[in-house]
Amino acid sequence: MPDAITAKTRIADLPGLNPRLVERLSAFELRTAGDLVRHFPMRHERRLAERTIAQTEKEVADEQAVVRVRGTVAAVKVRRGRGAVVEATLEDESGSARLMWFNAGWMRDKIHPGDTGVAEGKAKIRNGFLELGNPRWIPDRASDEAEPKAPKPPSAPAESMDRLRAVYPASEQLLSSEIELAVGKVLQPVCATIEDPLPSEFRQARGLIALAEAYRLYHDARDDEDVAAARKRLAYDELFLLQLGVMMRRAQLRSRTRAIPLKLEPTIDQHIRARIPFTLTAEQDRVIGEIAKDMGEPFAMNRLLQGDVGSGKTAVAVYAMLLAVAHGHQAALVAPTEILAEQHYAVLRNMLKGSQVRIAFVTGSNTGAERMERVAGLATGKFDIAIGTHALLESGIAFRSLAVAVIDEQHRFGVKQRAAIRQKGQGELPLVPHTLVMTATPIPRTLAITLYGDLDTSVLRGMPPGRTRVITRVVTPEKAPEVYAYLRTRLDRGEQAYVVVPAIEESDLGLKDVANHVRYLQEGPWKGIAISCLHGAMTREDREANMKVFRSGAVQALVATIIIEVGVDIPNASIMVVEHADRFGLAQLHQLRGRVGRGATPSLCVFLGDAVTTEGKDRLAAIGATDDGFEIAETDLRIRGPGEVFGSRQSGLPPFQVADLTRDAELLGQARQDAKEWIDRDPELAAAGVAALKHKLMLAYGKALGLGDVG
Ligand code: ADP
Ligand code: MG
């Protein structure tokens, strides 16, 4: 007798599978029984048992399905042209249906008026008719000859009952039905070996079915309820495991490191406020309260600050940094781009003019003696504040006493990168800085919990005073001349404009590029206007110089690439034009728009674009419909789907297979709550009976989350 089938059994050793199929499965990375069971269907197709045409029509009215109808062919029509269309009318005593074959001239000889038989295929209602697209036609006489020559699918099981059929991720070489066949051979025995990492009372309290049952039903569902129950359990496990990981990491950070407590005293508060050139809003005060409370503790703050573009996050960050300096320690601010680092540097220098506080500016472009001097000054404590790009996170840079690190993020990067800044502390129980991560754009709550699950969150709502609403227009590219002509009248009144194009240099992609667009504007609609440019291929000095003249008002228009996306703050700029807007992501468009509306002049943002894809259309519609960053973030998640937004490459986390952040928000909340309670009870998952769970966790997230090597 052959060995019992387990998850480890090689597909090649399974009885009754064609070796050629085994090869193709292997080419698709399906090599063991376990691979098959973990290869989840991407959807389920409804298959109806044979019914009369009228009954089938009723069933299909709500939801498409693969159906089976029997009848007599009343008429056959052939439409020629590009790809012949064969259309047959099938009748039974209850009604009639339309059978359509596209690009299938050969069908014309296979079906004739008067024939009787069975048609089987995907059906929907069109123009009030039940219509089957490219169905299988099985005439009553001569059963086989009329079938298409396509690879013959394995015969479907009993047709006497409605059922669901799993549709798998497949390819041209490997059909979903073939995967279905292979899964069928291993599903029962493998499921019999699956142990459930969750205790049964725990499951029952949350309405979760057993894990083995979930696997079985997901592959072999009878109805929608089966699919829903299986999906819920599998999605819960994915969400719960990640939450366990982030909660465990949080607990480890607390227990294995310490931080310098920075108490906020009234005199310190007064001194800091005296340096900030405006009165903080109530929202900023509230968020600063949350931050200061954390920073007063002897363990490190780990906080995410979310706020829309222009909501005033910088002042909050400055406050946190000055709190460290007031206590005689150092602070660092890491910006996503040099331009932004430069701007932060200028803002801080301005605020701290005439004070004792010394600031070092450190980016990748510093070299030689200049760099040595700055790096040495951070180590000796000559500098109180370091501002720079990710170059600040490099291992060569040490601080005398770094108490606060602020990370102003452009890209969502994972816990792993965030850990780098923590290496900057020293001591036996490693001393780590309080960390504040600021997102450049708001992200949906579900995503925040997933990507930043190890952080506490503060949300800065609303806008500081002095901002004006930005009027947004989405227009097609033919209107560009009109747009530029109108904007010309505003430039003549002294306003300043950004024009964003997608390319630096001319290429055969047919995209507007910086140099040509500057020329176009200078020679055409904006003749006589001083125009400058900004892009990533320029040296830092050139960029700085161009920014400076634009900021001074001597230059009125700046043609730039997306490089100005993040953070740039020039109040007199009140016009933004984005060429090829359909090519930019929704969050990017929102960021770009956030560059204007920062001064007293009513601002205008024009997106020139003509979307070819549905997604592009959705993005342009969304950006025109709202200017609320939190709403935009939710829409972005819906349009792109969590896979993209989740950005597993960026976050370093494996993507979810079943869980879907757009529909599983509630389940995620439950999983987070459960994980928190679990880790509070058993921070290292050391209790009896959870070894399997811990093993699974370490395998999935141990490395990405740095579990076990905190500090
Ligand atoms: P973001 O959250 O996008 O980083 P910033 O911190 O750059 O936003 O702030 C946007 C603008 O609002 C800046 O010009 C800043 O000086 C101004 N600002 C911030 N807070 C206040 C406030 N309390 N009162 C007046 N202006 C403020
Ligand atoms: Mg900012």
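What counts and how
Residues numbered from 1 in each chain as written. Chains lettered and ligands numbered in written order. Predicted model: local features only at pLDDT ≥ 70, side-chain atom pairs only at ≥ 80, totals over all residues. Heavy atoms only, no water. Pairing = 2+ DSSP bridges. Helix = DSSP H or I, 4+ residues; strand = E, 2+ residues; numbered from the N terminus. Axes fitted to C-alpha atoms, helices over the stretch in contact; angles between N-to-C directions. Contact = heavy atoms within 4.5 Å. Salt bridge = Lys/Arg side-chain N within 4 Å of Asp/Glu carboxyl O. Buried < 20%, exposed > 50% of the residue type's maximum accessible area, 1.4 Å probe, protein only. Near = heavy atom within 4 Å. Polar contact = N/O pair within 3.5 Å; in protein donor to acceptor, adjacent residues only side chain to side chain. Areas by Shrake-Rupley, 256 points an atom, 1.4 Å probe, with all protein chains shown as cover. Left-handed = near helix turned anticlockwise from the far one by under 90°. Nonpolar A, V, L, I, M, F, W, Y, C, P; charged D, E, K, R; others polar. Lys, Arg positive; Asp, Glu negative; His and termini not counted. Parallel < 35°, antiparallel > 145°, perpendicular 65-115°, else oblique. Phe/Tyr/Trp six-rings, centres within 6.5 Å; stacked < 30°, edge-to-face > 60°. Expected span 1.5 Å × (residues − 1). Core = buried A, V, L, I, M, F, W, Y, C linked by side-chain atoms within 4.5 Å.

Turning our attention to the sheet that holds strand β17 (residues 531–534). Across a sheet, strands are paired by hydrogen bonds formed along the backbone, either parallel or antiparallel in direction. Strand order in the open sheet formed by 6 strands is β15-β20-β19-β16-β18-β17, with parallel pairing between adjacent strands. The open sheet has two edge strands, β15 (470–475) and β17, and neither has a second partner. The average undirected angle you get between the axes of adjacent strands in this sheet is 20 degrees. Two elements, strand β16 (residues 496–500) and strand β18 (residues 557–560), share 4 bridges in a ladder whose sense is parallel. Residue Val 500 lies in a different strand from β18, and its bridge partner there is Ala 560. Along the sheet face, helix α15 (residues 480–491) touches β15, β16, β19 (573–578) and β20 (603–608) and points at about 160 degrees away from the line of β20.

What follows is about the pattern of salt bridges. In the structure shown here, the tally under the stated rule is 47 salt bridges. Note that Asp 674 is salt-bridged to Arg 206, the shortest N-O span being 2.7 Å. Taken together, the residues span a long stretch of sequence, with Asp 674 in helix α22 (residues 665–681) and Arg 206 in the loop between α5 (200–205) and α6 (211–219) at a distance of 468 residues. On the basis of relative accessibility, which here comes to 3%, the residue Asp 674 falls in the buried class.

What follows is about the pairing of strand β8 (residues 302–307). Burial within β8 is extensive, with 6 of its 6 residues counted as buried. Here β8 shows no split at all, with Asn 302, Leu 304 and Gln 306 on one side and Arg 303, Leu 305 and Gly 307 on the other all buried. Bridging between β8 and strand β14 (residues 456–460) involves 5 bridges; their strand directions are parallel. The residue of β14 that forms the bridge with Leu 305 is Ser 458.

Surveying the vicinity of ligand 1 reveals 16 residues, the closest of which are Thr 279, Gln 284, Gly 310, Thr 314 and Asp 569. Contacts to ligand 1 include Gln 284, whose side-chain N or O atom sits 2.9 Å from a nitrogen atom. One of the side-chain N or O atoms of Thr 314 is found 2.6 Å from an oxygen atom in ligand 1. Protein contacts shield 81% of the accessible area of ligand 1, which totals 560 Å² for the unbound molecule.

With that settled, the discussion passes to the packing of helix α18 (residues 586–593) against helix α19 (residues 614–625). Their axes nearest at 10 Å, the elements α18 and α19 cross at an angle of 35 degrees. Our pair here, α18 against α19, has a crossing hand that is right-handed. In contact with Leu 586, Leu 589, His 590 and Arg 593 of α18, α19 contributes Arg 619, Leu 620, Ala 622 and Ile 623. Partitioned by chemical class, the residues of the contact of α18 with α19 number 5 nonpolar, 1 polar and 2 charged.

Among the secondary structure elements, Arg 672 is positioned in helix α22. Comment: no salt bridge for buried Arg 672; closest opposite-charge side chain is Asp 456, at 6.1 Å. One polar contact links Arg 672 to Gln 243, side chain to side chain, over a distance of 2.7 Å. The residues touching Arg 672, leaving out its near neighbours within four places in the chain, are Gln 243, Val 246, Met 247, Ile 449, Gly 453 and Leu 455.

With that out of the way, let us pick up the packing of helix α1 (residues 19–27) against helix α4 (residues 176–193). It is the contact of α1 with α4, at a shortest axis distance of 11 Å, that shows an interaxial angle of 105 degrees. It follows from the interaxial angle that α1 and α4 lie roughly perpendicular. Residues Leu 21, Arg 24 and Leu 25 of α1 form the contact with α4, whose participating residues are Glu 178, Ile 179, Leu 181 and Ala 182. Taken together, the residues that form the contact of α1 with α4 break down as 5 nonpolar, no polar and 2 charged.

So, about the environment of Phe 361. With respect to the helices, strands and loops of the structure, Phe 361 is situated in strand β10 (residues 359–362). By relative accessible area, which is 6% here, Phe 361 ends up buried. Ignoring anything within four residues of it in the chain, the contact list for Phe 361 reads Ala 341, Glu 342, Tyr 345, Asn 366, Arg 374, Ile 387 and Arg 540.

What follows deals with the packing of aromatic side chains. Scanning the model with the defined rule gives 10 aromatic pairs in all. With 6.0 Å between their ring centres and 75 degrees between their planes, Tyr 484 and Tyr 520 make a pair best called edge-to-face. Taken as a pair, Tyr 484 in helix α15 and Tyr 520 in helix α16 (residues 514–523) lie far apart in primary sequence, 36 residues in all. The exposure class of Tyr 484 is buried, given its relative accessible area of 0%. Here Tyr 520 falls in the partly exposed class, since its relative accessible area comes to 35%. Pairing Tyr 498 with Phe 550 gives two aromatic rings, centres 5.3 Å apart and planes at 55 degrees, and the pair type is tilted. Of the two residues, Tyr 498 sits in strand β16 while Phe 550 sits in helix α17 (residues 540–552), which places them 52 residues apart along the sequence.

Attention now goes to unusual backbone geometry. You will see that Asn 127, though not glycine, has its phi angle at about 50 degrees, which is positive. Along the polypeptide, Asn 127 turns up in the loop between β5 (116–126) and β6 (129–139). Judged by relative accessible area, Asn 127 falls into the exposed class, the value being 69%. Despite not being glycine, His 580 shows a phi value in the positive range, around 55 degrees. For His 580, the position within the fold is in the loop between β19 and α18.

A word on α22. In an α-helix, one full turn covers 3.6 residues, which means residues spaced three or four apart are oriented alike. A rise of 1.5 Å per residue sets the reference length of α22, with its 17 residues, at 24 Å; its end C-alpha atoms lie 25 Å apart and thus fit the reference within 8%. All buried positions along α22 are accounted for by Leu 667, Leu 668, Ala 671, Arg 672, Asp 674, Ala 675, Trp 678 and Ile 679. Those residues of α22 that are buried lie in contact with α5, α7 (224–256), α14 (445–451) and α23 (691–702).

Counting residues in hydrophobic clusters, the biggest one holds 71 residues, and the most contacted among them are Leu 25, Phe 240, Leu 244 and Trp 678. Broken down by element, the residue count for this core peaks at 13 residues, all from α7. Among the nonpolar cores identified, the runner-up in size contains 43 residues, and Ile 291, Val 316, Leu 322 and Ala 324 belong to it.

What follows deals with the sheet that holds strand β13 (residues 434–439). Here we have 7 strands laid out as an open sheet, ordered β10-β11-β9-β12-β13-β8-β14, and parallel in their pairing. Sheet topology places β10 and β14 at the edges, where each strand pairs with a single neighbour. Taking the axes of each pair of neighbouring strands and ignoring which way they run, one obtains an average angle of 20 degrees across the sheet. Of the pairings in the sheet, the one linking strand β12 (residues 402–409) to β13 comprises 6 bridges and is parallel in character. In the sheet register, Val 406 faces β13, and the bridge partner there is Leu 436. Running over the sheet, helix α9 (residues 282–295) touches β8, β12, β13 and β14 and is turned about 160 degrees from β14.

Further remarks concern the pairing of strand β1 (residues 43–47). Of all 5 residues in β1, 4 are buried; the element is thus mostly enclosed. Alignment of β1 against strand β7 (residues 163–167), held across 5 bridges, turns out to be antiparallel. Paired with Arg 43 across the strands is Val 167, a residue of β7.

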